[in-house]
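Structure at a glance
Each chain, written out:
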Amino acid sequence: MAKELIIWSEGYSVGINEIDNQHKKLIGLINKLYRVYLDKNTDELSGIIDEIKDYTLYHFSTEEKYFRLNKYPAEKEHIALHEEFITEFNQLIIEFKKTPTVLILKITTFLQRWLTKHILKEDKKYLTYLK
Ligand SMILES: [Fe+2]
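The rules we used
Residue indices begin from 1 for each chain and proceed along its sequence in written order. Totals for whole chains, interfaces and linings use all residues, but because this is a predicted model, local features are given only for residues with pLDDT of at least 70 and pairs of side-chain atoms are given and counted only at 80 or more. Note that the side-chain values use all heavy atoms of the structure and ignore hydrogens as well as water. The nonpolar core is taken to be a set of buried Ala, Val, Leu, Ile, Met, Phe, Trp, Tyr and Cys residues, with the residues joined through side-chain atoms within 4.5 Å. Buried, partly exposed and exposed residues are distinguished by accessible area as a fraction of the type maximum, computed with a 1.4 Å probe on protein chains only: under 20%, between the cut-offs, and over 50%, respectively. Helix and strand assignments follow DSSP, with helices taken as H or I runs no shorter than four residues and strands as E runs no shorter than two, numbered in order from the N terminus. The contact criterion used is simple: two residues touch if any of their non-hydrogen atoms lie within 4.5 Å. Ligating atoms shown are N, O and S within 2.8 Å of the metal, or 3.2 Å for Na, K and Ca, and water is not included, meaning a site may look less than complete. Each helix should span, by expectation, one fewer than its residue count multiplied by 1.5 Å. Only C-alpha atoms enter the line fits that serve as axes; for helices the fit covers just the stretch in contact. Angles between N-to-C directions range over 0 to 180 degrees. Any angle that falls under 35 degrees is termed roughly parallel, while one over 145 is termed roughly antiparallel, one within 65 to 115 roughly perpendicular, and all others oblique. Three classes are used: nonpolar for Ala, Val, Leu, Ile, Met, Phe, Trp, Tyr, Cys and Pro, charged for Asp, Glu, Lys and Arg, and polar for all others, with Gly counted as polar. Here a pair means two rings of Phe, Tyr or Trp (six-membered ring of Trp) with centres within 6.5 Å. Their orientation is stacked below 30 degrees between planes, edge-to-face above 60, and tilted elsewhere. Criterion for a charge above a ring: Lys NZ or Arg CZ within 6 Å of the ring centre, and within 35 degrees of the ring normal.

**Re the nonpolar core**
- Formed by 37 residues in total, the largest nonpolar core has its most connected members in Leu 33, Ile 49, Ile 52, Phe 89, Ile 107 and Leu 111.
- At the level of elements, helix H1 (17-38), helix H2 (42-69), helix H3 (75-98) and helix H4 (100-122) are the ones that each hand at least two residues to this core.
- Other than its neighbours up to four places away in sequence, Ile 52 contacts Leu 26, Leu 29, Ile 30, Leu 33, Phe 89 and Leu 111.

Below, the structure written as C-alpha cells:
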C-alpha cells in the first residue's frame with residue numbers, strides 16, 4: 001500500500017527549476033511525516049515538523065527573492081500569504097507540543113492542503129512573471 005500523501009506531477013510545475021525542486025523536497029518531507037505517523041514512530045514526529053518549518057522558511061525566502069528580482073506585481077499579497085501560513089503553522093506546533101497524538105493528523109492534513117492549494121492557486125500566478 002502506498003504511503004504517499006502527495007505525489008508531485010508536472011501539473012505542479014511553476015516553470016522555475018529551483019522552485020520546483022524545493023516544492024518536491026517539501027512534498028517529500030510531508031510524505032515522510034505521514035509515513036512516520038503511520039508507522040507510529042511518535043518520537044520522530046517533532047523533529048520532522050521542525051525540519052518542515054525550517055525548510056519552508058528557506059523556501060519562502062527563495063520565492064521572495066525571485067519576486068524582488070522580477071518586480072513581481074503581486075509580491076505583497078503573496079508574501080502576506082506566506083506570513084499567514086507561518087502564523088497558523090506556529091499555532092499548530094504549539095498545540096502539537098501539548099497533545100501530539102491529537103494534533104499530528106491535523107498538522108499533516110493542514111500541510112498537505114495548504115501546500116497543494118498554494119502551489120496550484122497562488123504560485124501558478126507568477127508563472128509568466130518570473131524567470
Ligand atoms: Fe508561495
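On we go.
**Topic: the coordination of the iron ion**
- At this site the iron ion is bound by Glu 63 (OE), His 78 (NE2), His 82 (NE2), His 118 (NE2) and Asp 123 (OD), with donor distances of 2.1 to 2.5 Å.
- In primary sequence terms, the donor set of the iron ion follows E-x14-H-x3-H-x35-H-x4-D. Within this pair, whereas Glu 63 is found in helix H2, its partner Asp 123 is found in the segment after H4, the two being separated by 60 residues in sequence.
- Given a relative accessible area of 0%, Asp 123 falls into the buried group.

**With respect to unusual backbone geometry**
- The backbone of Lys 40 sits at a positive phi, close to 60 degrees, despite the residue not being glycine.
- As for its position among the elements, Lys 40 is in the loop between H1 and H2.
- Located in the positive-phi region is Lys 71, a residue other than glycine, with phi close to 45 degrees.
- Residue position: Lys 71 is located in the loop between H2 and H3.
- On the basis of relative accessible area, Lys 71 is assigned to the exposed category, the value being 69%.

**Details of H2**
- Here H2 is 28 residues long and its end C-alpha atoms lie 42 Å apart, about the 40 Å a rise of 1.5 Å per residue gives.
- Looking one or two residues past H2, Lys 71 carries a phi angle of roughly 45 degrees, positive in sign.

**Some remarks on the packing of H2 against H3**
- Closest axis-to-axis distance for the H2/H3 pair is 11 Å, and the angle between their directions is 170 degrees. By the criterion of interaxial angle, the relationship of H2 to H3 is roughly antiparallel. Taking contact as the criterion, the partners of Leu 45, Ser 46, Ile 49, Ile 52, Lys 53, Thr 56, Leu 57, Phe 60, Glu 63, Glu 64, Phe 67 and Arg 68 in H2 are, on H3, Glu 75, His 78, Ile 79, His 82, Phe 85, Ile 86, Phe 89, Asn 90, Ile 93 and Phe 96.
- Residues that form the contact of H2 with H3 fall into these classes: twelve nonpolar, five polar and five charged.

**Looking at the packing of aromatic side chains**
- For the structure shown, the criterion picks out twelve aromatic pairs.
- Counting every residue linked through ring pairs, the aromatic cluster contains Phe 60, Phe 85, Phe 89, Phe 110 and Trp 114.
- Between the NZ or CZ atom of Lys 24 and the centre of the ring of Trp 8, over which it lies, the distance is 4.4 Å.

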